[in-house]
Amino acid sequence: MNKVTVRVPATSANCGPGFDTLGLAVDLYNEATYEITDTRGFQLEVTGEGAEYLKPFGRNLAFASFLRVWNKVMDGKRIGLKVKMINRIPMSRGLGSSSSAIVAGLYAANCLCDNYYTRDELLNIATEIEGHPDNVAPAIYGGFTISYMENSEAHSLKLIPAKPLQFIAVVPDSKLPTVLARQAIPKTIPHGDAVYNASRASLLVGALASGNYEYLSMALDDKLHQPYRAHLIPGLYDVFAAAKAAGAYNAIISGAGSTVMAYAAPEADGEAIAKAMVATFAQQGEHACYHILHLDTQGVQAI
């Protein structure tokens with residue numbers, strides 16, 4: 001086999017209080033076809049997000065991650081590589097676009113190498129590339145993931161919530177580079193804030209596992225990263241309030257932002273929640289679009 005197409009879900013990391021720990025996968029997908037060719041070098045065709053500036057070179061995550069597996073398994077055998085992408089995940093918006101490229105490349109190479117690595121092993125390679133597992137884990141496994149590091153190895157526990165949820169992702173036009181969002185977070189925090197987040201993260205996992213979603217209003221609160229990033233997303237807390245007023249349990253910064261994601265019951269009016277959030281962004285002079293999403297439970301797949 002010299003050709004494979006893979007599908008990778010968008011992801012939302014942190015999930016409010018679970019900084020660099022919690023993540024989930026949603027049903028918005030990038031697709032990538034990897035083909036080994038007789039022509040040396042890289043070829044790239046992109047439809048959708050990033051089509052105007054993604055280039056075929058070795059530092060492109062889609063190529064670099066593929067070669068990370070290929071070169072290890074195939075002893076650096078030189079190949080030509082053609083990649084065709086259909087990108088639907090917004091870039092630099094906190095929905096895991098870079099993680100999707102990493103996971104797509106790793107998984108595609110692994111498929112073409114007779115599944116040399118397990119998914120757990122791919123998680124560790126992906127974490128080495130990304131720097132932390134909270135986005136790559138749900139992209140690999142699907143569902144809601146609780147990730148942690150032990151002796152420099154990444155591990156993740158997958159959880160399927162007891163009941164369905166809607167995830168309303170409101171995506172501002174303005175990008176928010178992850179490096180800028182990380183620079184906003186102080187190196188130390190008060191002990192009380194650490195306790196606050198430990199309690200909320202625990203409550204969030206318990207609420208999802210038990211189906212007691214009435215706790216989500218409080219469980220999604222955070223003092224570890226969102227207060228320090230709020231100035232980077234003008235009107236953030238007004239957008240949170242608008243989501244709750246329109247029927248959501250609560251809303252959070254998705255990943256590093258700028259996307260804001262509301263959590264809502266399946267019977268809630270997702271369109272009304274989304275439009276209320278979009279209108280609140282508009283009051284700040286920020287245009288935004290939205291996606292009404294649901295949990296992806298499979299993670300990356302060959303299709």
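Please read all numbers here as calculations on a predicted model, not as lab measurements.

What counts and what doesn't
Residues numbered from 1 in each chain as written. Predicted model: local features only at pLDDT ≥ 70, side-chain atom pairs only at ≥ 80, totals over all residues. Heavy atoms only, no water. Pairing = 2+ DSSP bridges. Helix = DSSP H or I, 4+ residues; strand = E, 2+ residues; numbered from the N terminus. Axes fitted to C-alpha atoms, helices over the stretch in contact; angles between N-to-C directions. 1 Å grid on protein atoms, 1.4 Å probe; cavity = no way out; pocket = protein on both sides within 12 Å on 5 of 7 lines; lining within 4 Å. Points joined across faces, edges and corners; volume = space filled by probe spheres on them. Nonpolar A, V, L, I, M, F, W, Y, C, P; charged D, E, K, R; others polar. Phe/Tyr/Trp six-rings, centres within 6.5 Å; stacked < 30°, edge-to-face > 60°. Buried < 20%, exposed > 50% of the residue type's maximum accessible area, 1.4 Å probe, protein only. Lys NZ or Arg CZ within 6 Å of the ring centre and 35° of its normal.

Caption draft 1: Region of the structure containing the sheet that holds strand 8 (residues 250-253). Taken together, the four strands give an open sheet; going across it, the order is 8-9-7-10, and neighbouring strands pair in antiparallel fashion. Each of the sheet's edge strands pairs with one partner strand only, and the pair in question is strand 8 and strand 10 (288-293). Strand-to-strand, the axes of this sheet are offset by a mean angle of 20°, without reference to chain direction. Where strand 8 meets strand 9 (residues 260-264), four bridges bridge the pair, whose relative direction is antiparallel. From the neighbouring strand, N250 faces strand 9, where its bridge partner is Y263.

Caption draft 2: Quick peek at the layout of surface pockets. The volume enclosed by the largest pocket comes to roughly 700 Å³. Lining the largest pocket are 40 residues, with L61, S92, G96, S97 and S98 positioned closest to its centre. Among the elements that take part in the lining of the largest pocket, helix 2 (residues 97-112) stands out by supplying five residues, more than any other. Of the residues assigned to the lining of the largest pocket, the class counts are 18 nonpolar, 14 polar and eight charged.

Caption draft 3: Highlighting the packing of aromatic side chains. Going through the model one piece at a time under the given rule, you end up with seven aromatic pairs. Considering the side-chain rings of Y34 and F66, the 5.1 Å spacing of their centres and the 5° angle between planes classify their relative orientation as stacked. Of this pair, Y34 sits in strand 2 (residues 22-37) while F66 is found in helix 1 (residues 61-73), placing the two residues 32 residues apart along the sequence. Pair check on accessibility: Y34 and F66 agree, each one buried. Ring geometry for F66 against W70: centres 6.0 Å apart, planes inclined by 20°, an arrangement best described as stacked. Here F66 and its partner W70 are both found in helix 1, four residues apart, which amounts to about one turn of the helix. According to the relative accessible area criterion, W70 is buried, its value standing at 4%. In this structure, K223 is placed above the aromatic ring of Y196, and the distance from its NZ or CZ to the ring centre is 4.4 Å.

Shape is all these values report; function is a separate question.
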